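Report on the structure
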Amino acid sequence: MNWGVLHSIATVAAFIAFIGIAWWAYSPKNKKRFEEDAQLALDDKDLLSFKERTKDTQ
């Protein structure tokens, strides 16, 4: 095996890994979970409860 063959194998393996990750990320069964995770940064309810907890300890 020369370096060209090894580079080709590595390229194909990286492409297969990319396709697998893209398939996992866009699969319909993960859509609800990702939508909920996207809203975490915008959720003020958790922020307010954190502020109330830290205010009580001061």
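Being a predicted model, the structure only gives us computed values, none of them experimental.

1. A word on the overall build of the protein
When helices and strands are counted, the protein shows 3 helices and 0 strands. For the protein, the α and β elements follow one another from N to C terminus as α-α-α. By element, 66% of the accessible surface of the protein is carried by carbon and sulfur atoms, the whole surface being about 5,700 Å².

2. Here's the deal with the confidence of the model for the protein
Put simply, the protein has an average pLDDT of 83, and 76% of its residues get 70 or more. Taken element by element, the protein is modelled with least confidence in helix 3 (residues 44-57), mean pLDDT 61, and with most confidence in helix 1 (residues 3-25), mean pLDDT 96.

3. Brief notes about the packing of aromatic side chains
Inspection of the entire model under this criterion finds 1 aromatic pair. Ring plane angle 85° and centroid distance 5.5 Å describe the contact between W24 and F34, whose orientation is recorded as edge-to-face. Residue W24 is located in helix 1, and its partner F34 is located in helix 2 (residues 31-38); the two are separated by 10 residues in the primary sequence. Given a relative accessible area of 41%, W24 falls into the partly exposed group.

Cut-offs applied
Residues numbered from 1 in each chain as written. Predicted model: local features only at pLDDT ≥ 70, side-chain atom pairs only at ≥ 80, totals over all residues. Heavy atoms only, no water. Helix = DSSP H or I, 4+ residues; strand = E, 2+ residues; numbered from the N terminus. Areas by Shrake-Rupley, 256 points an atom, 1.4 Å probe, with all protein chains shown as cover. pLDDT = per-residue confidence, 0-100. Phe/Tyr/Trp six-rings, centres within 6.5 Å; stacked < 30°, edge-to-face > 60°. Buried < 20%, exposed > 50% of the residue type's maximum accessible area, 1.4 Å probe, protein only.

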